[in-house]
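If you want the building blocks of each chain, they are given just below.
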Amino acid sequence: MPELVLWDIDHTLMATRGLGGELWGEAFEQVTGVALREQASVTGSTERVILRETARLHGLPYSEGLFARFADALGTVHVRRAAEMRERGHALPGAAALLAALAERSVRQSVVTGNIRQAAEVKLAVFGLDAYLRLDEGAYGEDGEGRPELLHAALKRAGVSAQDAVFVGDTPADVNGGREAGVRVVAVATGRTAASELRAAGAHFVLDELSDTDQALAAIEA
């Protein structure tokens, strides 16, 4: 088993069934005073990049100050609407069982996600996944713009070398970022990307889902 398993969140461990976009739009309008008309592509990206590109689509100037205010607003709206997220969303089949199985094997686990930290913490707590994760050793949307940067940040915080870590994600950006950071990548076709595309992107192993715990453990350990 690797020393550390790092998890993407959205569409890898959970689905919020459209609520995430609603919360994002609410925070955007709160900090800019402009109703969200169009959001930049979110697949495999980070909140900083999404906000910058979405601001551009609306003819708005971007600054780090805007991102800081947006991150605060987005975290707050996640806290306020956590009960609604619990009702509308769900952990993906097998996610909790796999996290528990890795924890039983004393494998350290954390997250690498484009979400801001407070939003990530709310999502994980809502679906009962946070107990298995060392969130202080993860990396979040505040920590950089791309997956390689976030992965390097998480590895540094965890004090683990790239060769002793595995990253689990569901997008080509996850696969490319993991390979660039030097970690082995297990891709899961539970998001918007087909298994064939994840293989073509260079994932070391591709799973259709997480519901077969033994198969997923074997992929992570391979």
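As a convention, each chain's residues are numbered from 1 in the sequence order in which they are written. Where local features are concerned, this predicted model is filtered to residues with pLDDT of at least 70; where side-chain atom pairs are given and counted, the filter is 80 or more; whole-chain, interface and lining totals use all residues. Remark: hydrogens and water are excluded; side-chain values derive from all non-hydrogen atoms of the structure.

Chemist: Sorry, what's going on with the packing of helix α3 (residues 64-80) against helix α6 (residues 117-126) here?
Modeler: Closest axis-to-axis distance for the α3/α6 pair is 8 Å, and the angle between their directions is 15 degrees. Viewed along their axes, α3 and α6 adopt a mutual orientation that is roughly parallel. Judged by the twist between their axes, the crossing of α3 over α6 is left-handed. For the pair α3 and α6, contact is made by Gly75, Thr76, His78 and Val79 and by Gln118, Ala119, Val122 and Lys123, respectively. To obtain an axis, a line is fitted to C-alpha atoms, over the contacting stretch when the element is a helix, and the angle between two such axes runs from 0 to 180 degrees between their N-to-C directions. Runs of H or I in DSSP of at least four residues are treated as helices and runs of E of at least two as strands, each being numbered from the N terminus. Any angle that falls under 35 degrees is termed roughly parallel, while one over 145 is termed roughly antiparallel, one within 65 to 115 roughly perpendicular, and all others oblique. Two helices crossing with the near one rotated counterclockwise from the far one by less than a right angle form a left-handed crossing, whereas a clockwise rotation gives a right-handed crossing. Contacts: residue pairs with any heavy atoms within 4.5 Å of one another.

Chemist: Could you clarify how one ought to interpret the nonpolar core in this entry?
Modeler: Nonpolar side chains in soluble globular proteins tend to be buried together. Only buried Ala, Val, Leu, Ile, Met, Phe, Trp, Tyr and Cys residues count toward a nonpolar core, and they belong to the same one when joined by side-chain atoms within 4.5 Å. Type-normalised accessible area, obtained with a 1.4 Å probe on protein chains alone, sets the label of each residue: buried when under 20%, exposed when over 50%, and partly exposed for intermediate values. Of all hydrophobic cores here, the largest spans 49 residues; its most connected members are Trp7, Leu13, Leu98, Leu102, Val111, Leu124 and Leu210. The element that contributes the greatest number of residues to this core is α3, accounting for seven residues. Listed in part, the 16 residues of the second largest apolar core include Leu151, Ala154, Ala162 and Val183.

Chemist: When you look at unusual backbone geometry in this model, what are you seeing that I'm missing?
Modeler: Note on backbone geometry: most residues besides glycine have negative phi, and most peptide bonds are trans. The backbone of His11 sits at a positive phi, close to 70 degrees, despite the residue not being glycine. Residue placement: His11 occurs in the loop between β1 (4-7) and β2 (14-15). Using a relative accessible area of 25% as the deciding quantity, one classes His11 as partly exposed. Phi at Ser106 takes a positive value of approximately 60 degrees, unusual for a residue other than glycine. By the secondary structure assignment, Ser106 is in the loop between α5 (95-104) and β4 (108-111).

Chemist: For this particular structure, what's the right way to read the sheet that holds strand β7 (residues 205-207)?
Modeler: Strand pairing in a sheet is mediated by backbone hydrogen bonds. Such pairs are either parallel or antiparallel. The strand order across the open sheet formed by five strands is β4-β1-β5-β6-β7, and the pairing between neighbours is parallel. The open sheet has two edge strands, β4 and β7, and neither has a second partner. Going across the sheet, the axis of each strand differs from the next one's by a mean of 20 degrees, ignoring polarity. Relative to β7, strand β6 (residues 184-188) is paired through three bridges, and the arrangement is parallel. Following the sheet pairing, Ala187 is matched in β7 by Val206. A pair of strands is treated as paired once DSSP finds two or more bridges between them.

Chemist: Any chance you could explain the environment of Ala158 here in plain terms?
Modeler: Along the chain, Ala158 falls in helix α7 (residues 147-158). In this structure the C-alpha to C-alpha distance between Ala158 and Val206, which are 48 residues apart in sequence, comes to 25 Å. Among all residues touching Ala158, those that are not within four sequence positions of it are Leu4, Arg108 and Glu137.

Chemist: Looking at this model, I keep getting lost on the pattern of salt bridges. Mind explaining?
Modeler: Opposite charge on two side chains makes pairing possible when the charged atoms of those side chains draw close. The salt bridge criterion pairs a side-chain nitrogen of Lys or Arg with a carboxyl oxygen of Asp or Glu, the two atoms within 4 Å. Under the counting rule described, the total for this entry stands at 19 salt bridges. Here Asp10 and Lys123 are joined by a salt bridge, their closest N and O atoms 2.9 Å apart. Taken together, the positions of Asp10 in the loop between β1 and β2 and Lys123 in helix α6 put the pair 113 residues apart, joining distant regions of the chain. What makes Lys123 buried here is its relative accessible area of 4%. The residue Glu22 makes a salt bridge to Arg81 at a minimum N-O spacing of 3.3 Å. A residue pair is termed long-range when its members are at least 10 positions apart, and Glu22 in helix α1 (residues 19-32) and Arg81 in the loop between α3 and α4 (82-88) qualify at 59 residues. Residue classification places Arg81 among the buried positions, given a relative accessible area of 15%.

Chemist: What's the story with a negative patch on the surface in this structure? I'm lost.
Modeler: The grouping of Asp208, Glu209, Asp212 and Asp214 at the surface amounts to a negative patch. Within the element layout of this structure, Asp208 appears in the loop between β7 and α10 (213-221). Classification of Asp208 by relative accessible area gives exposed; the value is 55%. Within the patch definition used here, like charges are joined within 9 Å and nonpolar side chains (Val, Leu, Ile, Met, Phe, Trp, Tyr) within 5 Å, considering only residues with over 30% relative accessible area and no salt bridge. Reported accessibility uses the Shrake-Rupley method at a 1.4 Å probe radius. Residues are deemed covered only where the shown protein chains occlude them. Working convention for charge: Lys and Arg count positive, Asp and Glu count negative, and His plus the chain ends are omitted. Just so you know, the charge point we use is NZ for Lys, CZ for Arg, CG for Asp and CD for Glu.

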